[in-house]
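Below, each chain spelled out in residue letters.
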Amino acid sequence: MKVFRPALASAEDMTKFHSDEYIEFLRLITPDNQHEHMRQLKRFNCAEDCPVFDGLFNFCQIYTGGSVGGAVQLNHKKTDTVINWAGGLHHAKKNEASGFCYVNDIVLAILELLKAHQRVLYIDIDIHHGDGVEEAFYTTDRVMTVSFHKFGEYFPGTGHLQDVGQHRGKYYSVNVPLKDGIDDEAYVALFKPVMAKVMEMYQPDAVVFQSGADSLTGDRLGCFNLSIRGHGECLKYMQTFGVPLLVLGGGGYTIRNVARCWTYETGCLLGHDLENKLPVNDYSEYFGPTHELQIAPSNMENQNTPEYLQGVLNKILENLSKIPPKPSVPFHDVPPDAIDPDSIGRVKEDPDQKGGGAEAEAARRSDPRELEPEDGDRDDKPSRHDASAKEEADGEKKVKEEKVEGAEAVKAELGDAADAKDPEDAADEAQDAGKDAMDVDEEAKSPGKGAGIMASDHGDQ
Ligand SMILES: [Zn+2]
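By convention here, each chain's residues receive numbers from 1 onward along its written sequence. Owing to the predicted nature of the model, reporting of local features is limited to residues with pLDDT of at least 70; listing and counting of side-chain atom pairs is limited to 80 or more, with chain, interface and lining totals taken over all residues. Excluding hydrogens and water, the side-chain values take into account all heavy atoms of the structure.

Here's the deal with empty space enclosed by the protein
Empty space among the atoms becomes apparent when a probe as large as a water molecule is rolled across them.
Step number 1: Site definitions follow a grid-based scheme: protein atoms alone, a 1 Å grid, a 1.4 Å probe that fits but cannot get out for cavities, and for pockets an open set with protein on both sides within 12 Å along at least five of seven lines, plus lining residues having an atom within 4 Å of a point. Grid points are joined across faces, edges and corners, and a volume is the space filled by probe spheres set on the points. Inspection of every chain in the model, using the stated rule, returns 5 cavities of 30 Å³ or more.
Step number 2: In this structure, the largest cavity occupies an estimated 90 Å³ of space.
Step number 3: Contributing to the lining of the largest cavity are Asp13, Lys16, Val68, Leu108, Leu111, Glu112, Lys115, Ala338 and Glu413.
Step number 4: Ranked by residues supplied to the lining of the largest cavity, first place goes to helix α5 (residues 105-113) with 3 residues.
Step number 5: Among the residues forming the lining of the largest cavity, the class breakdown is 4 nonpolar, no polar and 5 charged.
Step number 6: A volume near 60 Å³ is recorded for the second largest cavity.
Step number 7: By residue class, the composition of the lining of the second largest cavity is 6 nonpolar, 3 polar and 1 charged. Under the DSSP-based scheme used, a helix requires at least four consecutive residues in state H or I and a strand at least two consecutive residues in state E, with every element numbered from the N terminus. Classes in brief: Ala, Val, Leu, Ile, Met, Phe, Trp, Tyr, Cys and Pro nonpolar; Asp, Glu, Lys and Arg charged; the others, Gly included, polar.

As for the coordination of the zinc ion
Step number 1: Distances decide who is a donor: an N, O or S atom must be within 2.8 Å of the metal, or within 3.2 Å for Na, K and Ca. Water is not included, so sites may look incomplete. Every protein donor of the zinc ion is listed here as Asp126 (OD), His128 (ND1) and Asp214 (OD), and their distances to the metal cover 1.9 to 2.1 Å.
Step number 2: Between consecutive donors of the zinc ion, the numbers of intervening residues give the motif D-x1-H-x85-D. With respect to burial, aspartate 126 and histidine 128 carry one shared label: buried. Buried means the residue's accessible area, taken with a 1.4 Å probe over protein chains only, is under 20% of the maximum for its type, while exposed means over 50%, and partly exposed covers the values in between.

With respect to the packing of aromatic side chains
Step number 1: Ring pairs are drawn from Phe, Tyr and Trp, using the six-membered ring of Trp, whenever the two centres fall within 6.5 Å, and their geometry is named by plane angle: stacked under 30 degrees, edge-to-face over 60, tilted for the rest. One pass over the structure, following the stated rule, counts 14 aromatic pairs.
Step number 2: Ring pairing ties together the aromatic residues Phe148, Tyr187, Phe191, Phe224, Tyr237 and Phe241, which thus form one cluster.
Step number 3: Consider the ring centre and the ring normal. A charge sits over the ring if Lys NZ or Arg CZ is within 6 Å of that centre and within 35 degrees of that normal. Of note, lysine 179 hangs over the ring of tyrosine 308, and the distance from its end group to the ring centre comes to 4.2 Å.

Structural notes on the state of the cysteines
Step number 1: In this description, a disulfide is simply a cysteine sulfur pair whose atoms lie within 2.5 Å. Tallied over the full model, the rule gives 0 disulfides.
Step number 2: Summary of cysteine pairing: cysteine 46 is not part of a disulfide, and the nearest cysteine sulfur, belonging to cysteine 50, is at 6.2 Å.
Step number 3: For cysteine 46, a relative accessible area of 3% gives the class buried.

Concerning unusual backbone geometry
Step number 1: Here phenylalanine 155 and proline 156 are connected by a cis peptide whose omega angle stands at -5 degrees.
Step number 2: On the secondary structure map, proline 156 appears in the loop between β4 (143-150) and β5 (173-178).
Step number 3: The step from glycine 288 to proline 289 runs through a cis peptide bond, and the omega angle for that step is 0 degrees.
Step number 4: Position of proline 289 relative to the elements: it lies in the loop between α9 (255-269) and α10 (306-320).
Step number 5: The backbone of phenylalanine 100 shows a phi angle near 70 degrees, a positive value even though the residue is not glycine.
Step number 6: Tracing the sequence through the fold places phenylalanine 100 in the loop between β2 (81-84) and α5.

Here is the structure:
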């Protein structure tokens, strides 16, 4: 395992997906000046679940830099697996924050991967629908999104079985709606055949895995009944395909179990089944009374009947059988790396001793530009904690309308790539372009077997 300190993502990097206005707002808003910008707070949904806090933009730069930098490492074949547990903020939209997510590091990392990969698969096992990522790639076949989530009177309200993508993206969005109480056995029995079919039909050359831990049993906001082993089984299964893998964090609100889960999964990716007894450490008191790595499922009822799950599986397999095997697209002019791979420093000593986060924060605070003051009252948007059915319905309608906007932003970023003509020509063209695009060095010719870890501390926050 190698540990890296990510280069910070710049505002310009972020506008590869997000609107200039929204990123400029994130860059300049602070708890001290936010009262002068009520209209913009509302417009960009920075209230309730997405409050403004000290160091907000720097936080976004760090976790986004980890994911995008990880994608650059994979593009250059520096490693075959990258982890950024600080990333995975799947709800953020082109023009607004949503569900604790401000900048969508996943969309930005996938856009980076598309510079060197023809088809990228996105898998999301957070308990919430991966709406921001699905929306961004809803009309393209270059990215397939697969989300397993609780559906029905639950944030964000999207992710219906019948939402399968549009235009060229039809059948390239896969939604697996689930009910309360799903256990390891039922979840894995659905996950594996769905993903086996996806891998067979789509044959991605890179996989992004959002490993949200709020699908675990006992989560403060969740309602599933997965153990850490069941959750990790999904990740282990995806590793067996031998495709370059970018593993990201996500939700998780019973913090001690989030730490347990991502520790266990880091071990899985490195081929170690970690001992159940936790070693004594500074945080031991958080893990009592068991002081164990694994957690036991509860006795809650599994509301997903075998008939229901079989129906969902049948429909998804039917949809997947409609896509042409291995769609390919040409690469046109491949843009340069978002982040200079040489700027991603391997951490040899204590990363907190180096500059970076604090310096960037200081620079931001001294920036002479300011947001225009304004007046007007805030009109609260639905919160993910208490969204009523009506609010969810409104939310869903809004997302459908916005789908085009988010998707258009991504299409522009991909150039004409989404409009491939002859698949045969496209494949050849892509291969050539791909070769040119990759600056393959000696190390890259023999990708390391170990997992490269994008370390991400949180600066001075
Ligand atoms: Zn979540």
